[in-house]
Amino acid sequence: MTTTATRTTAPGPADRPDPERQPRVLSFSHKLSRWDLKVSPYLYISPFFILFAIVGLFPIVYTAVISFQEWDLVRNSGTFVGFDQYVWILSQAEFWTALRNTFSIFLLSSVPQLILAMFIAAMLDKNIRSKTFWRMSVLLPYVMAPVAVALIFSNMFGDNHGLVNNILTSIGLEPIMWHKDPFWSHIAIATMVNFRWTGYNALILLAAMQAVPREYYEAATVDGAGAFRQFWSITLPSLKPTLIFVIITSTIGGLQIFDEPRMFDTFGRGGAANQWLTITLYLYNIGWGEFNFGRAAALAWILFIIILAIGLINLAITRRLVRDEGGRGVIQRRRRGRKGAQQ
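Residues numbered from 1 in each chain as written. Predicted model: local features only at pLDDT ≥ 70, side-chain atom pairs only at ≥ 80, totals over all residues. Heavy atoms only, no water.

(A) Highlighting the environment of Trp-184. Counting through the fold element by element, Trp-184 comes out in helix α7 (residues 182–210). Residue Trp-184 is classed as partly exposed on the basis of its relative accessible area, which comes to 33%. Considered as a pair, Trp-184 and Phe-157 are 27 residues apart in the sequence and their alpha carbons are 9.6 Å apart. Those residues in contact with Trp-184 that lie beyond four places of it in its chain are Ile-176, Met-177 and Trp-178. (Helix = DSSP H or I, 4+ residues; strand = E, 2+ residues; numbered from the N terminus. Buried < 20%, exposed > 50% of the residue type's maximum accessible area, 1.4 Å probe, protein only. Contact = heavy atoms within 4.5 Å.)

Given below as structure tokens:
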């Protein structure tokens, strides 16, 4: 009779359970910490979105509802009329005049404003004396009340006794009819806008310029690049996100211009022949002049669609003109090229 003896061997290192592979039970504090990392960013930004939903999103939706109705302000109710309000707005000659004036003033203000703001920011980015004084000086016009700016400039551009016409006549030139000629009235209003907003945009661009690493400019100087070449190849590409922000905000503000044309004369209706009537001023005349809030709401939504379309066009143009976000993209391409050459 044979017996089989079984031997028990001690488990080797491979047979031992790996403590790292075993499931760990997280304590409540660890779970709370993970939830804090995931949820806390949304909690920090939630007050803005909640406030926007109350004071921004709700009025937008409510305006859209009113735009499809013949609204009765006394009863605070309306009768559904569909797209009749939009058809009426688009069939009015005043709307197309206001649209032309709005785009004219927008182009005459936004384009020179951005160019001048870029130039001022580039000058303030240099090593000059009294930097704080100059930076505060360019911001002073933005702090001034828009009504005060409009009143001062409307007197400066007076047809008979304005400061600008007095200077022109003193040097032998003919006075300009600022309130009669559409083009010159647009120039005067655009000057008010540029006076207020150029310094504000210049400081935003200056902050973006100072975020560009100085090593890029030092390397470009060593390579023999001049000041204009450094600005075109380093500064301008690095400002791409900021330029998009400035252009979009300038577009929104330029197409919604109201204070300057409203205060350009004593009547505030856009001129006797609608020389400087803008869309927002036309909207104000319909809403609070004729008390037709259904048509005013329809015009507000037409303006919203126009701003959205122009903003998207500006975004596409800016991305196409400024392709690279500064020296970081250049450095990354150089590193990739070096790795490819080494391989």
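(B) A look at the packing of helix α3 (residues 93–124) against helix α10 (residues 240–255). For the pair α3 and α10, the least separation of the axes is 9 Å and the interaxial angle reads 150 degrees. Overall, the two elements α3 and α10 adopt an arrangement that is roughly antiparallel. As α3 runs across α10, the sense of the crossing is right-handed. Residues Thr-102, Phe-103, Phe-106, Ser-110, Gln-113, Leu-114 and Met-118 of α3 form the contact with α10, whose participating residues are Leu-243, Val-246, Ile-247, Ser-250, Thr-251, Gly-254 and Leu-255. Grouping the amino acids of the contact of α3 with α10 by side-chain chemistry returns eight nonpolar, six polar and no charged. (Axes fitted to C-alpha atoms, helices over the stretch in contact; angles between N-to-C directions. Parallel < 35°, antiparallel > 145°, perpendicular 65-115°, else oblique. Left-handed = near helix turned anticlockwise from the far one by under 90°. Nonpolar A, V, L, I, M, F, W, Y, C, P; charged D, E, K, R; others polar.)

(C) Quick look at the side chain of Asp-125. When you line up the elements, Asp-125 lands in the loop between α3 and α4 (131–143). Those residues within four positions of Asp-125 in sequence are excluded, and the remaining contacts are Leu-206, Met-209, Gln-210 and Arg-214.

(D) Structural view of the packing of α7 against α10. Interaxial distance between α7 and α10 falls to 10 Å at its minimum, and their mutual angle equals 165 degrees. Taken together, α7 and α10 sit at an angle that is classed as roughly antiparallel. For the pair α7 and α10, the crossing hand works out as right-handed. In this structure, α7 contributes Asn-201, Ile-204, Leu-205 and Ala-208 to the contact, and α10 contributes Thr-242, Leu-243, Phe-245, Val-246 and Ser-250.

(E) Summary view of the confidence of the model for the protein. With 85% of its residues at a pLDDT of 70 or more, the protein has an overall mean of 83. Looking over the protein, one finds the lowest element-wise mean pLDDT in helix α14 (residues 327–342), namely 49, and the highest in helix α2 (residues 84–90), namely 94. For the stretch residues 1–7, pLDDT sits under 50, and the model shows zero contacts to residues farther than four places along the chain or on other chains. Every residue in residues 325–334 is under pLDDT 50, and counting partners more than four places away or in other chains gives 14 contacts. (pLDDT = per-residue confidence, 0-100.)

(F) Structural detail: the packing of aromatic side chains. Tallying each qualifying case throughout the model produces 23 aromatic pairs. Measuring from ring centre to ring centre gives 5.1 Å for Phe-153 and Phe-195, while their planes differ by 50 degrees; the resulting arrangement is tilted. Here the residue Phe-153 occupies a position in helix α5 (residues 146–156), and Phe-195 occupies one in helix α7, the gap between them amounting to 42 residues. Ring-pair connections join several aromatic residues into one group, and the members of that group are Phe-153, Phe-157, Trp-178, Phe-183, Trp-184 and Phe-195. (Phe/Tyr/Trp six-rings, centres within 6.5 Å; stacked < 30°, edge-to-face > 60°.)

(G) Molecular detail of the nonpolar core. Core analysis: the largest hydrophobic core is formed by 20 residues, its most contacted members being Phe-95, Ile-279, Tyr-282, Leu-299 and Ile-306. The leading source of residues in this core is helix α13 (residues 293–321), at eight residues. Discounting residues that sit within four places of it in the chain, Phe-95 has contacts with Ile-89, Leu-90, Tyr-282, Leu-299 and Ile-302. Ala-117, Met-118, Val-138 and Ile-247 belong to the second largest nonpolar core, which has 17 residues in total. (Core = buried A, V, L, I, M, F, W, Y, C linked by side-chain atoms within 4.5 Å.)

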